[in-house]
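# A structural walkthrough
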Amino acid sequence: MEFHISNRMSAIRGSAIREIFKFAADPSVISLAGGNPAPELFPNEQLAEIAQDLLKNQPVLSLQYGVTEGYTPLREAVKARLKEKERIDREGDDVIIVSGGQQGIELSTKALVNEGDTVIVEEPSFIGATNAFRSYGAHLVGVPMDEDGMNIEALEKAIEANDNVRLIYTIPTFQNPMGATMSVEKRKALYEVAKKHGVVIIEDNPYGELTFDGTKLPTIKSMDTEGLVIYCGSFSKILAPGLRVGFMCADKAIVQKVVVAKQVSDVHTAMLPQLLAYEFMNRFDIDALIVKMRANYAHKCATMLDAIETYFPKGVFHTTPKGGLFVWCDLGHGIDTLKLAPTCAANKVVYVPGNTFMVDMDKPCSALRLNYSTMTDERIVEGVKRLGVIFEKELETRK
Ligand SMILES: Cc1ncc(COP(=O)(O)O)c(C=O)c1O
């Protein structure tokens with residue numbers, strides 16, 4: 001049967017990353033595509049201990065309906081952590097627990113964006129967010145990324161050139177897909193531009209704690225005197241993504257609408273994962289776990305960058321991340337990395353083609369995203385080596 005698909009969903013394609021996961025499921029394939037945290041870092045023993053205790057000793061709390069805003073002690077713990085780690089502590093703000101940072105982005109869009117309204121995104125940007133904006137019929141406008149974050153002049157031009165600009169979506173720290181970090185000057189400038197034009201910012205920060213050398217730049221939210229910034233955070237990359245526990249901090253008026261939007265979507269985030277996140281922080285040292293993660297990813301990133309320097313053709317651009325999970329490369333010369341992906345998959349190595357992260361996904365793109373968090377050192381090096389051979393051949397044909 002031919003199903004009638006809504007306008008809202010018919011324009012949206014499934015994520016290429018999900019498609020690539022089909023290849024990546026083959027254990028002989030070296031996947032530099034996904035964005036998953038390193039599974040060996042999951043504190044599964046500790047979580048098992050807490051889960052058993054909760055289900056035996058607090059069955060009603062664990063299994064009964066909860067409130068939409070989230071488990072109160074977890075909200076309080078998140079507020080305290082935001083204050084301590086990110087200097088986020090605005091009087092008029094509130095925190096809601098959401099089912100992953102992704103839901104914070106989606107519900108903010110549901111609450112603030114009408115069909116046809118403009119949402120400004122960094123280009124390239126995270127496809128989970130761009131697809132959330134598309135699913136509400138937003139008019140997406142891309143602003144080019146420099147190595148130190150969104151180009152602020154282009155941002156201001158985009159705001160002036162478009163009607164009904166409702167949101168600016170940014171991932172200032174260890175951006176997905178580029179691994180880039182926005183400078184402090186640009187963070188301040190972005191906030192001032194948004195304030196001048198009365199546009200709300202979504203600051204998405206799932207990777208901020210994964211800084212390799214411990215350096216942390218101030219969040220845009222920490223500069224927010226007006227309540228313009230919606231801050232989305234998550235336990236996915238500092239605990240485990242399968243828990244689906246994230247949080248959002250925004251002006252109370254926005255949070256109130258998001259609470260209603262969430263009631264319609266999933267009533268509340270599942271209690272057991274919320275309790276697991278809360279009790280893990282209560283009984284164990286989450287900061288010690290984060291320190292381990294930083295060291296692991298710093299090492300893997302260095303391994304990947306070394307391999308890129310050794311095996312990629314000279315002149316291929318790559319970013320040098322200071323944290324997070326991704327390296328962005330650009331082959332240039334009009335190469336279409338989407339077209340090259342099947343050859344790479346046939347050689348048992350996969351990446352995410354750059355077009356996935358663009359506003360116009362149909363336009364050929366010479367860039368690609370590589371992830372270093374899930375493979376062993378040996379496989380990272382072997383994967384980059386295989387890609388290097390294919391890229392070299394492709395570049396030869398262009399000479
Ligand atoms: C930039 C960015 N934001 C949000 C998310 C969503 O994370 P989660 O919903 O698991 O918290 C991701 C996941 O990869 C991401 O890369």
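Data block above holds the structure.
A brief look at the structure comes next. These numbers were taken from a predicted model, which means no experiment stands behind them.

Analysis parameters
- Residues numbered from 1 in each chain as written.
- Predicted model: local features only at pLDDT ≥ 70, side-chain atom pairs only at ≥ 80, totals over all residues.
- Heavy atoms only, no water.
- Helix = DSSP H or I, 4+ residues; strand = E, 2+ residues; numbered from the N terminus.
- Rg over C-alpha atoms; globule rule 2.2 N^0.38 Å.
- Buried < 20%, exposed > 50% of the residue type's maximum accessible area, 1.4 Å probe, protein only.
- Contact = heavy atoms within 4.5 Å.
- Areas by Shrake-Rupley, 256 points an atom, 1.4 Å probe, with all protein chains shown as cover.
- Core = buried A, V, L, I, M, F, W, Y, C linked by side-chain atoms within 4.5 Å.
- Domains from an automatic or database assignment.
- Salt bridge = Lys/Arg side-chain N within 4 Å of Asp/Glu carboxyl O.
- Pairing = 2+ DSSP bridges.

### Comments concerning the overall build of the protein
If you tally the helices and strands in the protein, you get 14 helices and 14 strands. The C-alpha atoms of the protein give a radius of gyration of 21 Å, which matches the 21 Å a tight globule of 399 residues would have. When the backbone C-alpha atoms are referred to their principal axes, the protein occupies close to 65 × 55 × 50 Å. Here the protein holds 399 residues, and 56% of them are scored as buried. In the protein, the proportion of contacts linking residues at least 24 apart, taken out of those at least 6 apart, comes to 77%. Accessible surface computed for the protein: about 17400 Å², of which carbon and sulfur atoms make up 53%.

### Observations regarding the nonpolar core
Burial of nonpolar side chains together is a common tendency in soluble globular proteins. Core analysis: the biggest nonpolar cluster contains 68 residues, and Leu-74, Phe-235 and Leu-370 have the highest contact counts within it. Broken down by element, the residue count for this core peaks at ten residues, all from helix H12 (residues 286-311). Counting only domains with at least three residues in this core, you end up with domain 1 (7-42 + 288-397) and domain 2 (44-283). When residues no more than four places from it in sequence are discounted, the contact partners of Phe-235 are Leu-74, Val-78, Ala-240, Val-245, Gly-246, Phe-247, Ala-277, Met-281 and Ile-286. Listed in part, the 26 residues of the second largest apolar core include Ala-138, Leu-140, Tyr-169 and Ala-261.

### Points about the pattern of salt bridges
Applying the stated rule across the entire model yields 26 salt bridges. Linking Glu-76 and Lys-79 is a salt bridge whose minimum nitrogen-to-oxygen distance equals 3.5 Å. With a gap of three residues between them, Glu-76 and Lys-79 both fall in helix H5 (residues 72-86), about one helical turn apart. For Glu-76, a relative accessible area of 42% gives the class partly exposed. The salt bridge involving Lys-83 is made with Asp-89; its shortest N-O contact spans 3.7 Å. Residue Asp-89 is classed as exposed on the basis of its relative accessible area of 53%. The structure contains a network of salt bridges with shared partners spanning Arg-81, Glu-84, Lys-85, Glu-209 and Asp-287.

### A closer look at the sheet that holds strand S14 (residues 367-371)
Spatially, S10-S11-S14-S13 is the arrangement adopted by the four strands of the open sheet, whose pairing is antiparallel. Looking at strand neighbours, the two that pair on one side only are strand S10 (317-318) and strand S13 (352-353), the edges of this open sheet. Of the pairings in the sheet, the one linking strand S11 (residues 326-330) to S14 comprises five bridges and is antiparallel in character. Residue pairing for S14: Asp-330 is matched across the bridge by Ala-367.

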